[in-house]
Each structure stands twice: as structure tokens, then as C-alpha cells.
Amino acid sequence: MRDFALHRPASVSAATAAFAGTDGEAAYLAGGHTLIPAMKSRLRMPDALVDLTGLGLSGISRDGDRLWIGATTLHADVATGATAIPGLACLAAGIGDAQVRNRGTLGGSIANNDPAADYPAAALALDAVIETDRGSFAADDFFQGMFTTALAESEIITRVGFAIPQQSSYAKFRHPASRYAMVGVYVARHAAGWRVAVTGAGPGVFRWTDAGSALNAGSDTAGLVLAADDLNTDIHASAEYRAHLCGVMLKQALATLA
């Protein structure tokens, strides 16, 4: 790594001030599971890191029909504390390994928007609201492609509100080494209807609207096939195989609804 300055602010306003006051590139540090490896390989070379873990943004609480989770809440704490949404708790329990779950954060994952990350699928399927120090975004508007979100420069996610569904579940086909989702499907049944989201299969998380429509109509989804045209092809799987896995993961998720 290159040398860098480290700031450890105690408030959101101090964090944004530290970010803005950097003479050069600055980066926010949450769990660091993407940023630190990128710095080690010099793909990222920030002049300053602003540590967000001391801002008091952790915690889980229910307010009406939403479960609010602070941005710096650890995956391990979501796994044990998101009892109002068992599908979300199960998703968190399957992220990475114990070391990752006890360091990585909800907000860091959502802000990073890795195309194979788990939380973005939950955010879309659970009609989440992403609150920041400057406003809020509906999940449908927040994720804008590979590693791209609606966040402005220096904007900080403060908490995420997930709509509590009648039922929900998540199933993923894991990469055997990284445990990222080669394909992950989150299904959620709300009073207003079903929402289905897919991660890992394409260049970014997306809603599988045909699956949601089929479920809303009470149709059999066993033969539902996702078009492979815009899906990823790499050394691990072809686009056609990922399309097939979407159907398999949809079936598994529906079989384990809670």
C-alpha cells in the first residue's frame, strides 16, 4: 500500500468534513473488504481514509412496517438481530465466513454495490429505503449498475429501512472460494404483491419482474426462464448457465419461505 492519512471522526458531519478536507483522493472505510484488497494491489490509492465505525450508526429497530438497520451494523448482528425478517437474517448468516461477518457492514455492502453482493437483492425485494446524511432513496432508484449507486461524492448511508414482508427467502449458488453469489435470488411476498430480485447473474442487481408477475398471478414458476442476453459470462459460468441457475435458486427460495 501507499502511505495514507487515517481519520477517525465521531460524527457524520465530522466525517464529511474530513472527506472534503483531504488534499487528494479520500475514501470512506467501513468493513474494508473491498477497499483494503484494492489498496494492497494499488488499484485504489487514496490519500486519506475516513473510518465510519465510530459514528454511532449501528443498531436494529422496528418502526411500524419497517425494520431499520444502521449502516455500520455488522453482518453477524443482522444475522442474529433481524428476527422480524427471517429471510434477511438468513441471508446475512450466509455472507462470506465468520471473519467477514464480524467485520463487514450492511451500509458498506450496499454503498459498494458489488454485482455479486447479497444485500442489494434483499434491498430490492424488500422495497428498502436507503437513508443518507442528505436524504433518502428508494432501492429501485439507488442501484445503478456495477459498483454504481445514486450516492453523491462524500454522501454517507446512515441506515436502511426494509419493508417487513408477509414472507421472504433468499437462495444463492455460492462461488466455492469467495462465497459471493454466482446467482442469488431473493423473493418477498408483500401485501401489495411479490417482489423478486437477482444478484450475481448480471452486471448489477435487478428485479426479475416476470417472476414477480407470475407469482402475483398465481402461475407456476417451474418453467420460468430468464433471458440470458444481458447476463455475465466468465470462467466460472456462462450466461446460459447463470440463467438456468436463476430458475433453480427461485425454486429453492420459494421452497423455504418464512
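Conventions and cut-offs
Residues numbered from 1 in each chain as written. Predicted model: local features only at pLDDT ≥ 70, side-chain atom pairs only at ≥ 80, totals over all residues. Heavy atoms only, no water. Helix = DSSP H or I, 4+ residues; strand = E, 2+ residues; numbered from the N terminus. Buried < 20%, exposed > 50% of the residue type's maximum accessible area, 1.4 Å probe, protein only. Areas by Shrake-Rupley, 256 points an atom, 1.4 Å probe, with all protein chains shown as cover. Pairing = 2+ DSSP bridges. Contact = heavy atoms within 4.5 Å. Axes fitted to C-alpha atoms, helices over the stretch in contact; angles between N-to-C directions. Patch = residues over 30% accessible without salt bridge, like charges linked within 9 Å, V, L, I, M, F, W, Y side chains within 5 Å. Salt bridge = Lys/Arg side-chain N within 4 Å of Asp/Glu carboxyl O. Lys, Arg positive; Asp, Glu negative; His and termini not counted. Polar contact = N/O pair within 3.5 Å; in protein donor to acceptor, adjacent residues only side chain to side chain. Arc of directions from axis to C-beta.

**Q** What's the story with the overall build of the chain in this structure? I'm lost.
**A** Looking only at helices and strands, one finds 10 helices and 12 strands in the chain. When the backbone C-alpha atoms are referred to their principal axes, the chain occupies close to 55 × 45 × 30 Å. Put simply, the chain has 258 residues, and 50% of those count as buried. For the chain, the exposed area adds up to about 11,700 Å²; of that, 50% sits on carbon and sulfur atoms.

**Q** It is not clear to me how the sheet that holds strand β9 (residues 167-174) should be interpreted in this structure. Could you clarify?
**A** Neighbouring strands of a sheet are bound in pairs by backbone hydrogen bonds; such pairs are parallel or else antiparallel. Spatial ordering of the open sheet is given by β9-β10-β11-β12, a layout of 4 strands whose pairing is antiparallel. The sheet is open, and its two edges are formed by β9 and β12 (206-207), each paired on a single side. As paired strands, β9 and strand β10 (residues 181-190) are joined by 8 bridges and run antiparallel to one another. Note that in β10 the partner of K172 across the bridge is G184. Across the sheet, helix α9 (residues 209-216) is in contact with β11 (193-199) and β12; its angle to β11 comes to roughly 155°. Against the sheet, helix α10 (residues 239-255) makes contact with β9, β10 and β11, and its axis sits at roughly 40° relative to β10, the strand it touches most.

**Q** For this particular structure, what's the right way to read a nonpolar patch on the surface?
**A** The grouping of M1, F4 and L6 at the surface amounts to a nonpolar patch, some 260 Å² of accessible area in total. Relative to the elements of secondary structure, F4 occurs in the segment before β1 (5-7).

**Q** Looking at this structure, I do not really get the pattern of salt bridges. What am I missing?
**A** Between side chains of opposite charge, a pair can form as their charged atoms come close. Within the structure shown, the criterion is met by 10 salt bridges. Ionic pairing is found between R44 and E25, a salt bridge with its closest N-O pair at 3.1 Å. Remark: E25 occurs in the loop between α1 (12-20) and β2 (26-29) and R44 occurs in the loop between α2 (35-40) and β3 (48-51); sequence separation between them is 19 residues. Taking the relative accessible area as the measure of exposure, E25 reaches 34% and is therefore partly exposed. The partner of R207 in a salt bridge is D140, with the nearest N and O atoms 3.3 Å apart. Within this pair, whereas R207 is found in strand β12, its partner D140 is found in helix α8 (residues 139-142), the two being separated by 67 residues in sequence. Here R207 falls in the partly exposed class, since its relative accessible area comes to 29%. Exposure remark for D140: the relative accessible area of 39% places this residue in the partly exposed category. One continuous salt-bridge network, built from bridges that share partners, spans D127, D140, R195 and R207.

**Q** Help me understand the side chain of D114 in this model?
**A** Residue placement: D114 occurs in the loop between α6 (106-112) and α7 (119-125). Within the buried set, D114 has no salt-bridge partner at all; the shortest N-O distance to an opposite charge, 9.9 Å, is to R242. One polar contact links the side chain of D114 to the main-chain amide nitrogen of A116, over a distance of 2.8 Å.

**Q** Can you help me understand the environment of H236 in this one?
**A** Inspection of the secondary structure assignment puts H236 in the loop between α9 and α10. Put simply, H236 and H175 are 61 residues apart on the chain and 8.3 Å apart in space, counted from C-alpha to C-alpha. Setting aside anything within four residues of it in sequence, one finds H236 in contact with H175 and M182. At a separation of 3.4 Å, a polar atom in the side chain of H236 contacts the side chain of H175.

**Q** Just checking my understanding: could you explain α1 for this structure?
**A** Helical geometry: 3.6 residues make up each α-helical turn, so side chains three or four residues apart lie on a common side. Those residues of α1 lying buried are A15, T16, A18 and F19. Down the axis, α1 shows its buried residues gathered within 160° of arc, on one side only. Exposed residues on α1 whose side chains face more than 90 degrees from its buried face are S13 and A20. Contacts from the buried residues of α1 go to β1, β2 and β3.

**Q** Would you mind showing me how to read the sheet that holds strand β4 (residues 60-63) here?
**A** Sheet architecture is open: 5 strands sit in the order β4-β5-β8-β6-β7, paired in antiparallel fashion. The open sheet has two edge strands, β4 and β7 (136-138), and neither has a second partner. Pairwise comparison of adjacent strand axes, ignoring direction, gives a mean angle of 20° for this sheet. As judged from the 3 bridges shared by strand β6 (residues 129-132) and β7, these two strands associate in the antiparallel manner. Among the inter-strand pairings, I130 is bridged to a residue of β7, identified as F137.

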